[in-house]
Amino acid sequence: MQFDTIIFTYILNFIYYICVFILTSIGLAIVFGMLGVMNMAQGELITIGAYSLVYVENIGLPWWTGIILTIFICSILAFVVDRYLITPLIDRPFDMFLATWGLAILIRETIEIFFGNAYQKLAFIDQNKIEFTILHYPAQRIYIIISVLLICIFCYLFLKKSIYGLKLRAIYGNINLSKNIGINVRLIRFYTLSIGFICSGFAGILLAPLNKIDPNMGTESLMMSFFVLVIGGLGSLHGLIAGSTIIAFIEFVSSIYFSQNMGYVLVLIVSVYFLWKKPNGLFSEQQNVKF
Amino acid sequence: MDRRLVLKKINSSLFLKAAIPLSFNAQILNADAKTENKIKIGILIPQSGPAAIFGESCRNCSLMASDHINNIGGIAGRPIELMFADAGRDPAEVNHEVWSLWKKDKCSAFVGMHDSAVRSAVVNLFKGKVPYIYTAPYEGGECSANTFVTGETPQQQLEPVIPWFVRNKNTKRWYLIGNDYNWPRKTNEYAINYITSNGGSVVGEDYLPFSVNNFDSNIIKIKRSNADIVLITLVGGASIAFNRAFSGAGLSNTVLRVSTLLEENTLSGIGKADSYNLFSSSAYFSSLQTQAARKFNRDYYHKFGKNTILNSLGQSCYEGLLFLHALTQNTKTLDSTVIKNISSDITYQGVRGHISLEHRHTRKDIYLAQSINGRFEVVSTFNNVGSGAIC
């Protein structure tokens, strides 16, 4: 193997790491960062995305219908969570934390009832396998990098350029004033929640071909998402990207020079340092939004 | 809603899972009152935790074994009845349930498919006072009284297989990768021995924690080491992620892979496209073409449908019960003081082939299979391989 190919693989791997962290954290960044909902079930939405693909394949539909199914399930879940979980519990963050935790268990068990707990497979990936032969770099990773770029651009446009984003930022800035000037706070909250949920669902769709698919697949990413937000700060896209980059960098460098165990320990140390010295993260907007 | 109420609800949903096996046992208990004559056998299989994916197939295979044994006259002339315990939890919790099966429900023997931590715990609990058959592939070294091992040892899985690769595939440079615990490290200890004595060399050795699902740095190391073959002792989800990444990096065309714990579930998770040049060494594959194995496969899917994949770990429970039956063929009793003295002359013909007892382990056939279009196809059979155990 030539030296320059290895360097190139390293660079692509690093970019891919950043993208995976952005992808698994973006849903939580929106739901927790913008709405202040400590959603312990966010990881399960990733699982739902992956299982949507499995389901449409099992019943013989083309793979892209899985995307539609994911959007559908995530929107319905967003509606139910908004109406029956967030609305009654909005002033009691600890209860909300517990309730979403319960929801996570419920989703996991439901998936287990319908699909069993065995590893699922996706046959369509096997049939449509493309590989960039010069680099031997998996095509799916390139798709992920491109998709994360698109999702980030969409979120940027949504937050900064659309009227909903403007209203959301108004709510984020001063909720009482926003209510008084006639912004429909609950509607905006529902839209934002849906987008947060759908983003996590997409993460599941994109990651499914590369990882194991079982009912617990999403749970494992939740912890890292919290670390990304602790380091990057809540409520901003560049905070999310910064947090992902720092964690990816720590994991990447330590996995090359030390071991992956060490990488995890370093991430924990850096996160604790941030909680201690910089509790709002690198880029934090104003905190304590209350609907 | 009141906070306590929420807590209560969360708690009850958390404990729901733990409660299922208990309530299941209670059902059997009721049925039992009518059938005093039956011999009860405790089956320790994972019903929760990461190994729970094997629970269903273990259960199914155990039930098939109990049907079969009851059809041919039972154990010691009495029909058998199975009682299941969840061995997928902490050893201490498992011990608690096993104790109750043993002392309260009066199980006369135990068959277990679980990890080594649970095995040491139950062996300490039994102290040789009840026959116990351990069916999982493991790292070797179990010699406790009244404990019999029917699973594969590293010696069985590797001693014939490594020379086969060196001879037939000309693989001189070996790379070892596994999860970081006792079994992979012990397996690789033996592997290094066999590799060097067959003229090969070990060009790298990695151990990863269970939480890792990103193998990029290892794959780059494998690329740079110019390895001919990778010996994989990663387990379950880690094996899936590694094998997909390995193939994604374009290594599968030039570098072979062989694993000693790759059963049908994991292979299905890896998928067709990413399992090119992937081998597995085991005493059973559901695609074995012997007459007994084909019949077993047919019966299994006929009885339980296509939902639970028949795999080597599940099938090991069937063999464990057959072994228990063979153990009592001459003595006609499950009395531990008699069973304890059995040391040889136990043979039987199982689904896996001809099995014979030796040093409380079993001599058996080992199969080397290659994944072809996502299914195992046996490429070589090694007959009557010894376990290497000296008890």
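Everything discussed here concerns the structure shown above.
On a predicted model such as this, the values are computed, not experimentally measured, just so you know. (Residues numbered from 1 in each chain as written. Chains lettered and ligands numbered in written order. Predicted model: local features only at pLDDT ≥ 70, side-chain atom pairs only at ≥ 80, totals over all residues. Heavy atoms only, no water.)

Taken together, the contact between chain B and chain A spans 39 residues of the former and 40 residues of the latter. Contact between chain B and chain A buries roughly 3400 Å² in total, counting both sides, with carbon and sulfur atoms accounting for 53%. There are one salt bridge connecting chain B and chain A. Where chain B packs against chain A, one counts seven residue pairs in polar contact (both at pLDDT 80 or more). Broken down by secondary-structure element, the contributors of at least two residues to the side of chain B that touches chain A are α1 (3-32), α8 (216-225), α9 (237-248) and α10 (264-270) of chain B. Among the residues forming the side of chain B that touches chain A, the class breakdown is 16 nonpolar, 15 polar and eight charged. (Contact = heavy atoms within 4.5 Å. Buried area = accessible area lost by both parts, 1.4 Å probe. Salt bridge = Lys/Arg side-chain N within 4 Å of Asp/Glu carboxyl O. Polar contact = N/O pair within 3.5 Å; in protein donor to acceptor, adjacent residues only side chain to side chain. Helix = DSSP H or I, 4+ residues; strand = E, 2+ residues; numbered from the N terminus. Nonpolar A, V, L, I, M, F, W, Y, C, P; charged D, E, K, R; others polar.)

What follows is about helix α12 (residues 260-277) of chain A. The end-to-end C-alpha distance of α12 of chain A, which contains 18 residues, comes to 26 Å, matching closely the 26 Å that a straight helix rising 1.5 Å per residue would cover. Along α12 of chain A, the positions that sit buried rather than exposed are Q260, G263, V267, S271 and F274 of chain A. The buried residues of α12 of chain A occupy an angular sector of 70 degrees when the element is viewed end-on, so they sit on one face. Among the exposed residues of α12 of chain A, those pointing more than 90 degrees away from its buried face are V272 and W276 of chain A. In this fold, the buried residues of α12 of chain A make contact with α10 (219-232) and α11 (237-257) of chain A together with β7 (201-208) and α8 of chain B. (Expected span 1.5 Å × (residues − 1). Buried < 20%, exposed > 50% of the residue type's maximum accessible area, 1.4 Å probe, protein only. Arc of directions from axis to C-beta.)

Let's shift gears to the pattern of salt bridges. Residue and element names in this part refer to chain B. Under the counting rule described, the total for this entry stands at 16 salt bridges over all chains. Here E93 and R89 are joined by a salt bridge, their closest N and O atoms 3.7 Å apart. By relative accessible area, which is 38% here, E93 ends up partly exposed. With a shortest N-O distance of 3.9 Å, R119 and E139 are connected by a salt bridge. One end of the pair, R119, is in helix α4 (residues 116-126); the other, E139, is in the loop between β4 (132-134) and β5 (147-149), with 20 residues separating them in the sequence. Here E139 falls in the buried class, since its relative accessible area comes to 5%.

Below, the discussion takes up the nonpolar core. Core analysis: the biggest nonpolar cluster contains 95 residues, and I41, F110, F215, V230, F242, L321 and L327 of chain B have the highest contact counts within it. Setting aside residues no more than four positions away along its own chain, L327 of chain B makes contact with I133, F148, I339, I342, I346 and L357 of chain B. L12, I26, A99 and L234 of chain A belong to the second-largest nonpolar core, a separate cluster that totals 90 residues. (Core = buried A, V, L, I, M, F, W, Y, C linked by side-chain atoms within 4.5 Å.)

Next up on the list: the packing of aromatic side chains. Within the structure shown, the criterion is met by 33 aromatic pairs over all chains. An angle of 40 degrees between the planes, with centres 5.6 Å apart, marks the rings of F242 of chain B and F246 of chain B as tilted. Here F242 of chain B pairs with F246 of chain B, and both are found in helix α9, just four residues apart, close to one helical turn. As far as burial versus exposure is concerned, F242 of chain B and F246 of chain B are alike and both buried. By the ring-pair criterion, three or more aromatic residues cluster together here, those being Y10, F14, Y16, Y17, F249 and F252 of chain A. One Lys or Arg, R59 of chain B, reaches over the ring of F84 of chain B and ends 4.5 Å from the middle of that ring. The aromatic ring of Y301 of chain B is capped on one face by K306 of chain B, whose charged end is 4.5 Å from the ring centroid. (Phe/Tyr/Trp six-rings, centres within 6.5 Å; stacked < 30°, edge-to-face > 60°. Lys NZ or Arg CZ within 6 Å of the ring centre and 35° of its normal.)

Note that every value here comes from positions in space, so none of it alone points to a role or purpose.
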